[in-house]
Amino acid sequence: MPDRSADPDRAGLACLPDGFDPQGYRDRNPGVAHLPDDEAARHYRAVGRFAGLAYRPDQVAGFDPDHFRETHPAFAHAEDAACLDAWRAQGGPDGTPGNQTAHLRRLGLSLAGYPAAFPWRSYTRLYPRAAAHRWAALAHFLDEGFAEVGDHIPYGEGAAAFLGAVADHFANRHHPAAIRAYELAVAHAPSPAARVRLAEAYGRAGAWSAALDLYDDLLAQEEGDEAILRGALAAAAARGAWPRLFARLPPALARIAPAGEAFARDVTEAYFAERGRAVRALYTEGRREEGDALLAEAVRGVAALSAACLPAGTRADPATPLVLILADGLPDGARHLLERTVALLGGLGHAVRVFDLGTVRAFEAALPEARAAIVVRMPAWPTVVQALVRARRLGVPTLYETDELTIDPRLAPPPLPAFEGRIGERVHEDLVFGVALYRAAATLCDHGLAPTRALARHLDRVVATGRSFVVRDAAAPEPGPRHRPQGPGGEVRLFLHAPRTTTLRASDPAGAALLGALRREPRVRLVTAGFAILDEAFAPFADRIAELGPAPDRDAALRDSDLNIVLADGSEAEGCLSATGWLAAARLGIPTLAGDTPGHREALADGVDVRLAADAAGWEDGLATLVARPDLRAAIGAAAATRAAAHHSHEAAADDLRAAIESLRIGTPR
């Protein structure tokens, strides 16, 4: 007969049952097959007994008759076989728990055996209705009692582990008592694991300040595994306490290397995303200056954290000079610039590798072998910032290349009304956000690279060294003599290409001049391409106007023209653009009438290789004169072709780029 008088709190904890067979235990439990006799006995005392593991042939795995007798008072004096039959009749393992571990699992406690720390005898004196047995008392405590007396009852040995399991029980059920249970567990034994669980509970309840204090204290005490760091990140993000987190991260990440590098990148992404939302909120409120300042601060934060936490690596010395280029999603003009740069570098004997945002980590990894790195119109996303920081630490010179004034918030983008309803507020907000990011990326580069001196001057104010290089636009001249079929009846064919959406109106100087030419001269024909929009004033001349839209090859239409028209809005941003419209025509020997901009005056001679129009009178007189005088058109076209061949050849652009690359200094890795 079993010993019914033994104290259930102590039975089986210190000694083995009569007849315990280590070999039988190993045979029936593959998980312990490798243990020698003494370790098998210890395993049974610590785990096997509570889980109902068998060691004899007549035992049923998962069933402990002592546990059944304890939880079923009517069977207190029953034989093992009778208890087994009753347990099976109740559904076996699918019915009532057959051992302590299963019972605790049913209660939602992550413990192996009944918790010695729970003072069930004291508890049943407080709640006599829960006194059927100690398991009934424990269930009642979890259902009702903790909230009432959890702070006051005398917990025993192992209280911290028990209270932690109770807290997990409540947390898994989203019960608010979880926090108090964790607090009690920490009070009994303030282990890092218990404090982390308490911090997590604070976070789930939205008590982020309390969570942040705990995480901060853990990091200060050099407790920095990834779970703690991720919790600290969540708390810092919720409270916007980024400086506090950043101060703790470098030593903490060093302790979890190499996983620290990936975590540092995760932190920068989370930080930048949270700051980005705050910036957009400011933009929505019309507070652009504050938003730009906050975004610049965020980029500096990403850069500082990256410099502190990410490894720099060591320089390599490749046999062939290597230049890396980072570019993504470029408009037509910038893509042309990229293709030209790649071709020029190849002609100068440099190996070139081009990366986009999807491969920016590969760009970063290739930096140790690079002589220089060029970033083409790239915004300061965290991955880009990290790459530029690594380049600086390696001493690799960086150049920020752009063909448009996208870095000055005073001048870009145009105000929303200027888009005349073609875009909404959200898209315009994206453009504003982009300008701030372009500028931030440029500030992290050593030098600027631009096709005009006017644009380079803007870059000079932003890049780290204050020095930008000019690599002029280039185009191959049309081979051989230029032969164009003359239009019937002496037609004068005008060509107008708009790279950006432009509406031509009767009230505009250029629009008024074109309408005047169409009215006066039946010989005039107009072809538009790109994103030019003609208003209704041009409708009467529809039979003499062809609107091609964004045709993939404008040269075909341009080649059959007598006069090229290049519009300008008079803005400083427009004045920074290179004379690409002029150059496209000049290489074909076609004359150009263009808006008067600093970029045009810087590169061209008015009345010699171009005709410039500064105002309404200039447009009217220039167009009338050039339509009426084929000899003047021929002279300006020829001069334009000569200038294009001399100053905008690939050889001339290559000289510019060679001088820029040779002037770069390779720094010492930091």
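Above this text you will find the structure in question.
Description of the structure in this document. (Residues numbered from 1 in each chain as written. Predicted model: local features only at pLDDT ≥ 70, side-chain atom pairs only at ≥ 80, totals over all residues. Heavy atoms only, no water.)

## Focus: helix H18 (residues 382-394)
Next up, step 1: The end-to-end C-alpha separation of H18 is 18 Å, in line with the 18 Å expected for 13 residues at 1.5 Å each.
Next up, step 2: Counting buried positions along H18 yields 11 of 13 residues, so the element is predominantly enclosed.
Next up, step 3: What H18 keeps buried is the set Pro382, Val384, Val385, Gln386, Ala387, Leu388, Val389, Arg390, Ala391, Arg393 and Leu394. (Helix = DSSP H or I, 4+ residues; strand = E, 2+ residues; numbered from the N terminus. Expected span 1.5 Å × (residues − 1). Buried < 20%, exposed > 50% of the residue type's maximum accessible area, 1.4 Å probe, protein only.)

## Examining the pairing of strand S2 (residues 351-355)
Consecutive side chains along a regular strand alternate between the two faces of the sheet.
Next up, step 1: Pairing between strand S1 (residues 322-327) and S2: five bridges, direction parallel. Looking at S2, one finds that Leu324 is bridged to Arg353.
Next up, step 2: Crossover connection from S1 via helix H16 (residues 332-347) to parallel S2: handedness right-handed. (Pairing = 2+ DSSP bridges. Right-handed = clockwise from strand over helix to strand, strands pointing away.)

## Description of the packing of helix H14 (residues 259-284) against H18
Next up, step 1: At their nearest, the axes of H14 and H18 sit 10 Å apart, and the two run at 130° to each other. Taken together, H14 and H18 sit at an angle that is classed as oblique. Considering how the two elements wind past one another, H14 and H18 form a crossing that is right-handed. Every residue of H18 that contacts H14 at Glu261, Arg265, Thr268, Glu269 and Phe272 is listed here: Pro382, Thr383, Gln386 and Arg390.
Next up, step 2: The class makeup of the residues in the contact of H14 with H18 is two nonpolar, three polar and four charged. (Axes fitted to C-alpha atoms, helices over the stretch in contact; angles between N-to-C directions. Parallel < 35°, antiparallel > 145°, perpendicular 65-115°, else oblique. Left-handed = near helix turned anticlockwise from the far one by under 90°. Contact = heavy atoms within 4.5 Å. Nonpolar A, V, L, I, M, F, W, Y, C, P; charged D, E, K, R; others polar.)

## Some points on the side chain of Thr597
Next up, step 1: Here Thr597 lies in the loop between strand S11 (592-595) and helix H25 (598-603).
Next up, step 2: Judged by its relative accessible area of 5%, Thr597 falls in the buried class.
Next up, step 3: At a separation of 3.1 Å, a polar atom in the side chain of Thr597 contacts the main-chain amide nitrogen of His600.
Next up, step 4: Excluding residues within four positions of it along the chain, Thr597 makes contact with Ala568, Glu574 and Gly575. (Polar contact = N/O pair within 3.5 Å; in protein donor to acceptor, adjacent residues only side chain to side chain.)

## Considerations on the pattern of salt bridges
Next up, step 1: Overall, the coordinates contain 46 salt bridges when judged by the stated rule.
Next up, step 2: As a salt-bridge pair, Arg410 and Asp408 come within 2.6 Å of each other at their nearest N and O atoms.
Next up, step 3: Of the residues examined, Arg410 reaches a relative accessible area of 61% and is grouped as exposed.
Next up, step 4: Glu429 is the salt-bridge partner of Arg426, the closest N and O atoms lying 3.1 Å from each other. Taken together, the residues Arg426 and Glu429, both in helix H19 (residues 425-443) and three residues apart, mark about one turn of the helix.
Next up, step 5: The class of Glu429 is buried, set by a relative accessible area of 11%.
Next up, step 6: A cluster of three or more residues bridged by salt bridges with shared partners is formed by Arg377, Asp403, Glu404, Arg500 and Glu574. (Salt bridge = Lys/Arg side-chain N within 4 Å of Asp/Glu carboxyl O.)

## Re the sheet that holds S11
Next up, step 1: Here we have six strands laid out as an open sheet, ordered S9-S8-S7-S10-S11-S12, and parallel in their pairing. A strand with exactly one partner marks an edge of an open sheet, and here the two such strands are strand S9 (545-547) and strand S12 (611-613). Each adjacent strand pair in this sheet contributes to an overall mean axis angle of 20°, direction not counted.
Next up, step 2: By the bridge criterion, three bridges tie S11 to S12 in an arrangement that is parallel.

## A look at the nonpolar core
Note that soluble globular proteins tend to have their nonpolar side chains buried in a common cluster.
Next up, step 1: Of all hydrophobic cores here, the largest spans 120 residues; its most connected members are Phe118, Phe141, Phe146 and Leu249.
Next up, step 2: Setting aside residues up to four positions removed in sequence, Phe141 forms contacts with Phe118, Tyr123, Phe146, Gly150, Ile153, Tyr155, Phe162 and Val166.
Next up, step 3: Core analysis: the second largest hydrophobic core is formed by 29 residues, Val524, Leu567, Leu623 and Ile636 among them. (Core = buried A, V, L, I, M, F, W, Y, C linked by side-chain atoms within 4.5 Å.)

## Structural notes on the sheet that holds strand S6 (residues 467-470)
Next up, step 1: Strand order in the open sheet made by the six strands is S2-S1-S3-S4-S5-S6, with parallel pairing throughout. Strands with a single pairing partner mark the edges of an open sheet, and in this sheet they are S2 and S6. Neighbouring strand axes in the sheet, compared pairwise and without regard to direction, differ in orientation by 25° on average.
Next up, step 2: Here strand S4 (residues 398-401) runs beside strand S5 (residues 447-450); their pairing, made up of three bridges, is parallel. Following the sheet pairing, Tyr400 is matched in S5 by Gly448.

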